[in-house]
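# Secondary and tertiary structure notes
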Amino acid sequence: MSRKIIPIGPYHPLQDEPEFFKLHVDGETVVDIDIELGYNHRLIEKISESKNFDQVAFMVERICGICSTSHPFAYVNAIDDLLGVKPPERALYIRTAIAELERIHSHLLWLGLAGHFLGYNTVWMWAWRYREPVLDIFERVTGNRQNYGMMKPGGVRRDMFEEDFPWIKKTLKDLIPKLDMFKGAIMDDPVIRMRTEGVGVLTKEDARDYGLVGPTARASGVNIDIRRDDPYAAYDKVEWQVCTHEGGDVFSKAVVRILELYQSINIVIQCLDKMPKGPIDSGIKDIPPGEGIGRHEAPRGEVVHYIMADGGNSPARHKIRAPSFMNVASNKKAVIGETISDATIILAAVDPCYCCTERMAVVDYKTGKKMMDGQDLIKLSQEKTEKIKNKLGR
Amino acid sequence: MSLRLKALTKSIWVYHLSTGSCNNCDIEIIDMLTPRFDAERFGITLVGSVRHADAILVTGSLNLKAVPRIKQVYAQAAKPCVIIAIGTCSCGQGIFKNGPNCPNPVDSVLPVDIYIPGCPPKPEAMIAGIVKLIEKLNGKK
Amino acid sequence: MKRETIIQNIKIRSGKDLLDFQDKSKNRVYFTINKTILLQIAKYLFNDANARFSTASGVDTRKAIEILYHFAVDDIGLFISLRVTLEKPNLEIDSLLGLFKCAEWIEMEMHEMLGVNFKGHGNMKHLLLKDDWPKGNYPLRRDL
């Protein structure tokens, strides 16, 4: 049996259907893009109204698998805002540590996918391989590799144990040389720079116009980060820096994410070192009528949860706005005028919940006929890298 | 057992289909390929087209918008094709059971052969499930 | 721009169309305004106060549809929410698409979930729900 890895990845190009991203091309250039949403829509905002406040925390975890703790974090921030209370200190540090660990695994996941799209399957395998120790930390601390069930209105659901801290810190410190390797591999590779610099540029004006958030915005030089601007949990108690880059292109987006990986490791280690003893739950019983807005800097950007309570056991209204909702719309600007071989990496650069990138199709601008699907686009991208490599004699 | 089904048990080509999932299961499916779990040593490989697939790994709670597409994909699959429901959502809708946009479970549209629950199921659980399926098919005479 | 300056400017520009002001906490303020001045206040926030449009949330309070427009002034961490009430059945309000592109999708979502019409948007089709979702069936409405 063949040992070849068929690099299909997380896609399933549904054939002959309106695709998620329909690229209209004229020759090699993308002239327009249709973005169609809704294939993952589960009307969670409606279901939330029939769950009690405790259950909502579990449900919003499953909005997106990769940033699964980001939504509960913003949700519990909204409840804290509604009540006007702060959870116990220890709970704040635990929340911060979990959120930053998630950022690490999410960015590594993205690095792997980006590598795959560019044709560097070794980057893919290595990024995902070095993601595994982080998932092991999650399993030790929370019991699950994804969907942690840690966030709870008023605190956290489970404690972290000091006896685990040395092992967690060692696992994270062991990750740093691997990150150095990635950083070197990506920033020093002329082929990758050729593929990503100047590609899919979003300017500061675009960032304002499209309301961009997260690394996508920071890569265009927009210095925003909810953790610093509207501090919550333990972010104002540890030392860390917001990472920005000026290029606005795919390369900048990669750089921002790599730099954030180092910051996140640093934040987690500080949280473990500074974690005070004490309760982890303030024991909230009832939610009185009121409104609360909770925000969190997820790996992809600002998550906003708005809760309206009417004195009952369930939210009267629960509005959820994920960061990709703002960022994905900017693809209209980023990809038009670029070539189809660059389309995949541009669409992936905003790091949407990845199943968004999968359903892609290319339509001929003049005839409206479908020419290629997601598979073909990825292959095209990988082939372009090969051509550049050959040209540079590598 | 038919020759086709027998051949399937030597090396199973799987096609991944999300009917509206949160992607956790989907990522764990890809994780199966990574060096730690290395599903390839069991002959499990992901393919890009459903026409080449021996098995379909289904995730997600069957979003209404996706229903016609799912049916079309299944119609294109070369039979016999086994359906493996991965994750609590595809096994029985899980936490989205009362949602207006996901009124029916996956097995109301597709004939599911094996259910692997979990939120998400660990890659080991998925491999164990697929191996059980292969054993079951081998046991069928 | 300072927090107090922005709050004062909004109050001045709203004049008699400011129905309520809630200073909930250091980073959370709520203004209840008449829908007629929404565009003007949004313009001030986006152009002069350098605020970022974060999102908008609509809720059916049975008597009316209430929309909250959320703006973030990132350099001071302030989150401003403009509350606008639309009395049933007159569910119409100016679109903010002329000001910034990020209004496009959220207005489409509020349209399909609550049945609000955004004047000037020009593309009120389904964003998330399937195309043949029953007409007039707005999932987040309470009069179902």
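How each quantity is defined
- Residues numbered from 1 in each chain as written.
- Chains lettered and ligands numbered in written order.
- Predicted model: local features only at pLDDT ≥ 70, side-chain atom pairs only at ≥ 80, totals over all residues.
- Helix = DSSP H or I, 4+ residues; strand = E, 2+ residues; numbered from the N terminus.
- Rg over C-alpha atoms; globule rule 2.2 N^0.38 Å.
- Buried ≥ 20, exposed ≤ 12 C-beta atoms within 10 Å, placed from the backbone.
- Contact = placed C-beta atoms within 7 Å.
- Nonpolar A, V, L, I, M, F, W, Y, C, P; charged D, E, K, R; others polar.
- Core = buried A, V, L, I, M, F, W, Y, C linked by C-beta atoms within 7 Å.
- Arc of directions from axis to C-beta.
- pLDDT = per-residue confidence, 0-100.
- Axes fitted to C-alpha atoms, helices over the stretch in contact; angles between N-to-C directions.
- Parallel < 35°, antiparallel > 145°, perpendicular 65-115°, else oblique.
- Left-handed = near helix turned anticlockwise from the far one by under 90°.
- Pairing = 2+ DSSP bridges.

Of regular secondary structure, chain C possesses three helices and seven strands. For chain C, the N- to C-terminal ordering of α and β elements is α-β-β-α-β-β-β-β-α-β. Taken over the C-alpha trace, chain C has a radius of gyration of 15 Å; the compact-globule value for 144 residues is 15 Å, and the two agree within 12%. Structurally, chain C occupies a C-alpha span of about 50 × 30 × 25 Å along its principal axes. Taken across its 144 residues, chain C has 40% of its residues classed as buried. Taking the intrachain contacts of chain C between residues at least 6 apart in sequence as the baseline, contacts between residues at least 24 apart amount to 47%.

Next up on the list: the overall build of chain B. Regarding its fold elements, chain B presents five helices and five strands. Relative to its length of 141 residues, chain B is compact, with a C-alpha radius of gyration of 14 Å against a globular reference of 14 Å. C-alpha extents for chain B along the principal axes are approximately 40 × 35 × 25 Å. Split into buried and exposed, the 141 residues of chain B put 54% on the buried side. Put simply, of all contacts in chain B between residues at least 6 apart along the chain, 84% involve residues at least 24 apart.

With that settled, the discussion passes to the interface of chain C and chain A. Contacts between chain C and chain A engage 24 residues on the former and 25 residues on the latter. Looking at the side of chain C that touches chain A, the elements with two or more residues in it are β3 (52-60), β4 (64-73) and α3 (103-114) of chain C. Of the residues forming the side of chain C that touches chain A, the biggest block, six residues, is contributed by β3 of chain C. Of the residues belonging to the side of chain C that touches chain A, the class tally is 12 nonpolar, six polar and six charged.

Let us now look at the nonpolar core. Residues Ile56, Val58 and Ile84 of chain B are the most contacted members of the largest nonpolar core, which totals 204 residues. In terms of residues, this core owes the most to one element, helix α4 (residues 89-118) of chain A, which gives 17 residues. Here valine 58 of chain B is in contact with Leu17, Thr19, Ile83, Ile84, Ala85, Ile86, Ser90, Val106 and Leu110 of chain B, once residues within four sequence places are set aside.

Next up on the list: helix α2 (residues 38-48) of chain C. Residue and element names in this part refer to chain C. For α2, every residue scored as buried is listed here: Ile41, Ala42 and Leu45. For α2, the angular spread of the buried residues around the axis is 100°, confining them to a single face. Set apart from the buried face of α2 by more than 90 degrees, the exposed residues are Asn47 and Asp48. Packed against the buried residues of α2 are α1 (3-14), β2 (28-33), β4 and β5 (78-87). Backbone geometry just after α2 places asparagine 50 at a positive phi near 55°.

As a further point, take unusual backbone geometry. Peptide bonds are, in most cases, trans, and in most cases residues other than glycine have a negative phi. For the bond running from cysteine 119 of chain B to proline 120 of chain B, omega is -10°, close enough to zero to count as cis. Among the structural elements, proline 120 of chain B can be located in the loop between β5 (114-116) and α5 (123-139). Cis geometry marks the peptide bond from lysine 88 of chain C to proline 89 of chain C; its omega dihedral reads -5°. Tracing the backbone shows proline 89 of chain C in the loop between β5 and β6 (92-94).

Let us look at the confidence of the model for chain B. With 91% of its residues at a pLDDT of 70 or more, chain B shows a mean pLDDT of 80. Per-element confidence in chain B is highest for β5 of chain B, whose mean pLDDT is 91, and lowest for helix α1 (residues 3-8) of chain B, whose mean pLDDT is 54.

Before going further, it helps to spend a moment on the packing of α1 of chain C against α2 of chain C. Residue and element names in this part refer to chain C. Where α1 meets α2, the axes come as close as 10 Å, and the angle between the chain directions of the two elements is 155°. Viewed along their axes, α1 and α2 adopt a mutual orientation that is roughly antiparallel. Considering only the axes of α1 and α2, their crossing is right-handed. The segment α1 lies against α2, with Asn9, Ile10, Arg13 and Ser14 engaging Gln40, Ile41 and Tyr44. Split by residue class, the contact of α1 with α2 holds three nonpolar, three polar and one charged.

In this sheet, strand β2 (residues 29-35) of chain A lies alongside strand β1 (residues 21-26) of chain A in antiparallel orientation, the contact comprising six bridges. Paired with leucine 23 of chain A across the bridge in β2 of chain A is isoleucine 33 of chain A.

Further remarks concern the sheet that holds strand β4 (residues 82-86) of chain B. The pairing of strands in a sheet comes from backbone hydrogen bonds and takes either a parallel or an antiparallel form. All names here are of chain B. Taken together, five strands build an open sheet; the order of strands is β2-β1-β3-β4-β5 and the sheet is parallel. The open sheet has two free edges, formed respectively by β2 (45-46) and β5, since each of these has just one partner strand. Here β4 pairs with β5 via three bridges, running parallel. From the neighbouring strand, isoleucine 84 faces β5, where its bridge partner is isoleucine 114.

This paragraph deals with the sheet that holds strand β7 (residues 315-321) of chain A. Residue and element names in this part refer to chain A. Ordered by their spatial adjacency, three strands build an open sheet running β5-β6-β7, and the pairing between neighbours is antiparallel. Either end of the sheet is taken by a strand with one partner, and the two such strands are β5 (290-298) and β7. Averaged over all adjacent pairs, the angle separating strand axes in this sheet is 15°, with direction ignored. Set on the sheet, helix α3 (residues 70-83) makes contact with β5, β6 (301-309) and β7; between it and β5 the angle comes to about 145°.

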